[in-house]
Amino acid sequence: MIHQNWENNETIKKIKCIHTNAKKYKVNSVLTEGKIYDVKNETDEFYFVIDNTNRIAGFKKDYFEQI
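Throughout, a residue's number is its position along its own chain's written sequence, starting from 1. Local features in this predicted model are restricted to residues of pLDDT 70 or higher, and side-chain atom pairs are both shown and tallied only at a pLDDT of 80 or more, whereas totals for entire chains, interfaces and linings draw on every residue. Computation of side-chain values covers all heavy atoms of the structure but excludes hydrogens and water.

(A) Molecular detail of the layout of surface pockets. Of the grid points, spaced at 1 Å and generated over the protein atoms alone, those admitting a 1.4 Å probe that cannot get out make up cavities, while open sets with protein on both sides within 12 Å along at least five of seven lines make up pockets; any residue with an atom within 4 Å of a point is treated as lining. Grid points are joined across faces, edges and corners, and a volume is the space filled by probe spheres set on the points. The computed volume of the largest pocket comes to approximately 210 Å³. Taken together, N21, A22, K23, K24, Y25, V27, F46, G58, F59, K60, D62 and Y63 make up the full set of residues lining the largest pocket. Among the elements that line the lining of the largest pocket, the one with the most residues is strand 4 (residues 56–60), at three residues. Each residue is assigned to one of three groups, with Ala, Val, Leu, Ile, Met, Phe, Trp, Tyr, Cys and Pro labelled nonpolar, Asp, Glu, Lys and Arg labelled charged, and all others, Gly among them, labelled polar. In the lining of the largest pocket, the residues fall into six nonpolar, two polar and four charged. Only DSSP runs of H or I reaching four residues or more are called helices, and only runs of E reaching two or more are called strands; each is numbered from the N terminus.

Quick look at the structure:
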């Protein structure tokens, strides 16, 4: 259950949301275009960030660009 403590982890890097055009999921309610998010964990396909609901969530990397 390591994922339960990710909110308290140090920030790995900062990323900027570049779009919220999801094909399957509704992400525009939890991400804001142009906003900078702190990455708490990362896999090959996903960034785990604290989203607009102040909870940790995983999003595909194509929604973001590194700054």
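That shown, we press on.
(B) Representation of the packing of aromatic side chains within the structure. Ring pairs shown here join Phe, Tyr and Trp side chains whose ring centres sit within 6.5 Å, with only the six-membered ring taken for Trp; geometry is labelled stacked below 30 degrees between planes, edge-to-face above 60, and tilted in between. According to the stated counting rule, one finds three aromatic pairs in the structure shown. Plain terms: the ring middles of Y37 and F64 are 6.2 Å apart, the flat faces sit at 80 degrees to each other, and that makes the pair edge-to-face. Taken together, the positions of Y37 in strand 2 (residues 36–42) and F64 in strand 5 (residues 64–66) put the pair 27 residues apart, joining distant regions of the chain. Buried means the residue's accessible area, taken with a 1.4 Å probe over protein chains only, is under 20% of the maximum for its type, while exposed means over 50%, and partly exposed covers the values in between. Overall, the relative accessible area of 2% leaves Y37 in the buried class. Aromatic pair F59 and F64: ring centres 6.4 Å apart, planes at 65 degrees, arrangement edge-to-face. Across the pair, F64 and F59 agree in class, each one buried. One aromatic cluster in this structure is built from Y37, Y47, F59 and F64.

Function cannot be inferred from these measures alone, as they are strictly geometric.
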